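One-letter residues, chain by chain:
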Amino acid sequence: MADHTSPMNMPEILLYVAAFLAQQDLVTCTSVSRQWYQAFTPCLWKKFQVSDDTLLRPTPDILCKHAPQIRNLTLRTITDLDPFLERLTNLQTLIIIGGNQFAKPESWLQLTALVQRNPRIEWIALGMNREIGPPASFLRAIPASCPNLRRYESSLCLYEDPDQIDALLGIFSRAKEVWTRYESFAVSPVVRTYHFPNLVELALKDPRGLSTSRQVDIICMCPNLQLLKWAVGRDTPIPVQEFCERVPQACPKLKHFHMDGSATLPRESVGYVLDALKDLESLMLFGCAIGESLFRSMTRHFLSLTSLDVMDSFQTKSSMAQRILENCPNLTHVSLALLCMQDVVNGRPWQATRLQHLQVDLVSLEGACRMAAGGNKDSRMIPLQQMRVFEQLSKLPDLRHLAIGHLKTIRRPSLEFRVEHGLTLLKSLTRLTHLSLEGTVQDMTEEDADWLGQNLRNLDTVEGRLCSTVAVHEALRRRLLKEYRVEVLERDYEMEELSIPSGRSGQDPSLEELYGGKDEEEEYSDDDYEYVMEEQIEYEQATEPGVLGYQNEYEYAVQEGEDSQEFQQSGEHQEFYPHPEPEIIEDSAARQS
Amino acid sequence: MPVTLTSLDDVKFTVDKEVAERSILIKNMIEDVGESDSPIPLPNVSSAVLKKVIEYCEHHRNDPVQVQDETDDPRKRSNDIEEWDMKFMTVDQEMLFEIILAANYLDIKPLLDVGCKTVANIIKGKTPEEIRKVFNIVNDFTPEEEAQIKKENEWAEDR
């Protein structure tokens, strides 16, 4: 075949291949030949970030040369970038992150001009520092200049005048998706009826200074709303009755509901809300205490749910997790908390056979007892239990992502990925690409690693410690990478020693930290581990319900009720919520229910 | 309902209409011509390659037709190739390229996807020189150009 007909010489094919390559490979491809340079360079420059650090930045002439190729731009500063900014005309995504870098009014004039010369913008995201907010002129320019605006995200912005807020709500009138997070409203919006017919997704995460009643007003202005992500501030009650009376009527298409209770909602509130909403397809409850009555409200949605995330709620008993898996036939994505392996063995087969993504803290209490007793207590039971759990997992042929540990604890005995325990039963999981064993105790051998590599051909990454002996883990890691191209990742070992996980220190908050789904949460200390272990042993002998499922002292305290006041006052709970104490800015016409 | 396809080297293949219409090109041809017994000529595709393409379309005949993605995916995965497709693509490089060309010409997007993902997997982790060797590409840069490009793309290099 002559070279000139090779697809490797056809620009449109090279472009197609480029879409599947990571950045480093794109760099390599640009230096292969002149034709490849022409084909791959636009892909390489498609997504670009301007950092504060000028040393890491390409020179101005290089920036200007490639500006027209940039489609997705993150700006962390704006100084000395005029010629570059002027040549940006093809942006589809614009992300502006910083604080004081954008304090000067001139910066916003430049940013307004930037928006005006990029009519193809579909997605804008702002991340400030609560002391700065975009002026009204900038906010007005967005819907005026960008007819394709689809998504608007805003974090930690300050709104000080009514004109600004009106301009912000002008964006709500045009965008399909709006996410706001920890914004500060120094004044309340003018009392007026807006209409947001385009809004399909709305996230209101703790907007300070905006009363919850006003928030319900805004929600009710979205007749086509499908996804609502709502987080109320600490100690802020939600207007349950108003919500239940108005929202289902005003938003009949609401199918996806994510609630962040910040652990202070009365547990009945969320239950009433779930009772009022019909046939949810996706539900996420974060920081909510799921007792029996809230669980009952959840069961109303079991037949319609395709996605459920209760991983970061507490008091979720193992039996609840098992019931969810037994009774939700349409689930494709589920994140659960504790699930005891014995409950899987004793329970009914899971109806959730279409699962693609399963995250669950699978715990073997028998294994824990064995460890605590320092030897083999009733060791015959354990392999059988393991095999039965593997058997259940094998009935999920659509699985792409499986995580079986608790990401925030010290490793606990769980499902052991050993051939001799039934690992081979997972042969049916041909679509599995990602496996996380993080948080579990594993003792894998070469035979087990080989089995994974040879049989799960789409497996891309494995997370966790494959063996408690570091040397063995390292050897297995290298083998998986070399023979099977499976990457083994591990969280920083140091993270386990910390009592509070730290963000990446010394860097600006990244977009993930500003927009990431989960807030920072507590880590276990050695004392906690012993506490948990005792709980697990007690479970075996416990006859009363309610002992099971506590994942830390705080949850235990909430259950006990009267302890919770003490707990909060002791100041310990501050550790769980590392945001500074908010200044609640009251509405002048506060309508608290 | 059978349809006859004729390859570059005049070999005739009879397939079900449903299978043939995995190719948007063929689908459009059939719609334009209407119900007809006359075979559809494919002068750009040799019989060896057409045989492979038909094999793919037969296996995937019941797959849902992919909707065109309007939004640009930031980075598509190349490691989610089905087991059957992986075995199917275990061919020599010449055939791989022929399949890609055929999928492009016949407008069979899923097959083009799989082909290009396979090529992407070949490229991954290689140096420029290794890539040139595998695909038989000549390095037509001057040393100055090479240095210039390296400087230009420094920001994107993994540390």
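Residues numbered from 1 in each chain as written. Chains lettered and ligands numbered in written order. Predicted model: local features only at pLDDT ≥ 70, side-chain atom pairs only at ≥ 80, totals over all residues. Heavy atoms only, no water.

Asks: Please explain the overall build of chain A as it appears in this structure.
Replies: From N to C terminus, chain A includes 22 helices and 21 strands. Sorting the 593 residues of chain A into buried and exposed places 56% on the buried side. Intrachain contacts of chain A at a sequence separation of at least 6 include 72% that bridge at least 24 residues. Within the structure as shown, chain A displays about 25300 Å² of accessible surface, and the carbon and sulfur contribution to it stands at 50%. (Helix = DSSP H or I, 4+ residues; strand = E, 2+ residues; numbered from the N terminus. Buried < 20%, exposed > 50% of the residue type's maximum accessible area, 1.4 Å probe, protein only. Contact = heavy atoms within 4.5 Å. Areas by Shrake-Rupley, 256 points an atom, 1.4 Å probe, with all protein chains shown as cover.)

Asks: What am I meant to see in the UniProt feature "domain: SKP1 component dimerisation" (unreviewed entry) in chain B here?
Replies: In the numbering used here, UniProt assigns the "domain: SKP1 component dimerisation" (unreviewed entry) feature to residues 109–156 of chain B. With 69% helix and 0% strand, residues 109–156 of chain B has its two end C-alpha atoms placed 30 Å apart. (UniProt positions renumbered as here; feature names shortened; annotations may be inferred.)

Asks: Even after reading the chapter, I still don't get the UniProt feature "domain: F-box" (unreviewed entry) in chain A, so can you show me in this structure?
Replies: Summarizing the sequence annotation, UniProt attributes the feature "domain: F-box" (unreviewed entry) to residues 11–48 of chain A in the numbering used throughout. In residues 11–48 of chain A, the share of helix is 71% and the share of strand is 5%. The end C-alpha atoms are 22 Å apart.

Asks: Even after reading the chapter, I still don't get the interface of chain B and chain A, so can you show me in this structure?
Replies: Frequently, the measure chosen for interface size is the accessible area that the parts lose on association. Facing the 52 residues of chain B at the interface are 48 residues of chain A. Together chain B and chain A conceal approximately 4500 Å² of surface at their shared face, both sides included; 60% is due to carbon and sulfur atoms. Our count for the chain B to chain A interface comes out at two salt bridges. The partner of Glu145(B) in a salt bridge is Arg34(A), and the shortest N-O contact between them spans 3.0 Å. Viewed at the interface, chain A and chain B are joined by eleven residue pairs in polar contact (both at pLDDT 80 or more). Elements that contribute at least two residues to the side of chain B that touches chain A include exactly helix H4 (83–88), helix H5 (93–106), helix H6 (109–123), helix H7 (128–135) and helix H8 (143–152) of chain B. Counting residues per element, the side of chain B that touches chain A draws most heavily on H6(B), which supplies nine residues. For the side of chain B that touches chain A, the class distribution of residues is 19 nonpolar, eleven polar and 22 charged. (Buried area = accessible area lost by both parts, 1.4 Å probe. Salt bridge = Lys/Arg side-chain N within 4 Å of Asp/Glu carboxyl O. Polar contact = N/O pair within 3.5 Å; in protein donor to acceptor, adjacent residues only side chain to side chain. Nonpolar A, V, L, I, M, F, W, Y, C, P; charged D, E, K, R; others polar.)

Asks: How should the pairing of strand S2 (residues 72–75) of chain A be read in this particular structure?
Replies: Each regular strand carries side chains that alternate between the two faces of the sheet. Residue and element names in this part refer to chain A. What you see with S2 is no split at all: Asn72 and Thr74 on one side and Leu73 and Leu75 on the other are buried throughout. Of the strand pairs in this sheet, strand S1 (residues 47–50) and S2 are connected by four bridges, and their pairing is parallel. Pairing of lysine 47 across the sheet is with asparagine 72, part of S2. In this fold, the crossover linking S1 to S2 by way of helix H4 (residues 60–66) has right-handed handedness. (Pairing = 2+ DSSP bridges. Right-handed = clockwise from strand over helix to strand, strands pointing away.)

Asks: Teacher, can you tell me more about the sheet that holds strand S3 (residues 40–41) of chain B here?
Replies: Whenever strands of a sheet pair, they do so through backbone hydrogen bonds, lying parallel or antiparallel. Residues and elements named next belong to chain B. Taken in spatial order, the three strands line up as S2-S1-S3 in an open sheet, and their pairing is mixed. The open sheet has two edge strands, strand S2 (12–16) and S3, and neither has a second partner. Pairing between strand S1 (residues 2–6) and S3: two bridges, direction parallel. Each residue of the ladder has a partner; that of threonine 6, found in S3, is proline 41. Relative to S2, helix H3 (residues 47–59) is tilted by about 10°, and along the sheet it contacts S1 and S2. (Axes fitted to C-alpha atoms, helices over the stretch in contact; angles between N-to-C directions.)

Asks: I tried to follow H6(B) on my own but got confused; where do I start?
Replies: For an α-helix, the turn length of 3.6 residues means that residues three or four places apart are oriented alike. Residues and elements named next belong to chain B. An ideal rise of 1.5 Å per residue puts 21 Å on 15 residues; H6 measures up with 21 Å between its terminal C-alpha atoms. In terms of residue burial, H6 counts as a mostly covered element, since eleven of its 15 residues are buried. Listing the buried residues of H6 in full gives Leu111, Leu112, Asp113, Val114, Gly115, Cys116, Lys117, Thr118, Val119, Ala120 and Ile123. Two residues or fewer after H6 comes glycine 125, characterised by a positive phi angle close to 80°. (Expected span 1.5 Å × (residues − 1).)

Asks: Would you mind going over the confidence of the model for chain A with me for this structure?
Replies: Predicted coordinates in areas of low pLDDT are best not read in detail. Residue and element names in this part refer to chain A. Residues with a pLDDT of 70 or more make up 78% of chain A, whose mean pLDDT is 80. Here helix H21 (residues 553–560) is the element of chain A with the lowest mean pLDDT, 37, and helix H7 (residues 136–145) is the one with the highest, 96. The model gives residues 493–593 a pLDDT under 50, and that stretch makes 164 contacts with residues more than four places away or in other chains. (pLDDT = per-residue confidence, 0-100.)

Asks: Could you clarify how one ought to interpret the environment of Asp80(B) in this entry?
Replies: For Asp80(B), the position within the fold is in the loop between H3 and H4. Owing to a relative accessible area of 35%, Asp80(B) belongs among the partly exposed residues under this scheme. C-alpha separation for the pair Asp80(B) and Lys117(B), spaced 37 residues apart in sequence, amounts to 9.1 Å. In this structure Asp80(B) touches Asn458(A) and Lys117(B), once residues within four positions along its chain are discounted.

Asks: I tried to follow the nonpolar core on my own but got confused; where do I start?
Replies: Soluble globular proteins tend to bury their nonpolar side chains together. Within the largest apolar cluster, 192 residues are counted, with the highest numbers of intra-cluster contacts made by Trp36(A), Phe84(A), Leu202(A), Leu285(A), Met298(A), Leu358(A) and Phe417(A). Per element, the largest residue contribution to this core is nine residues, and it comes from H5(B). (Core = buried A, V, L, I, M, F, W, Y, C linked by side-chain atoms within 4.5 Å.)

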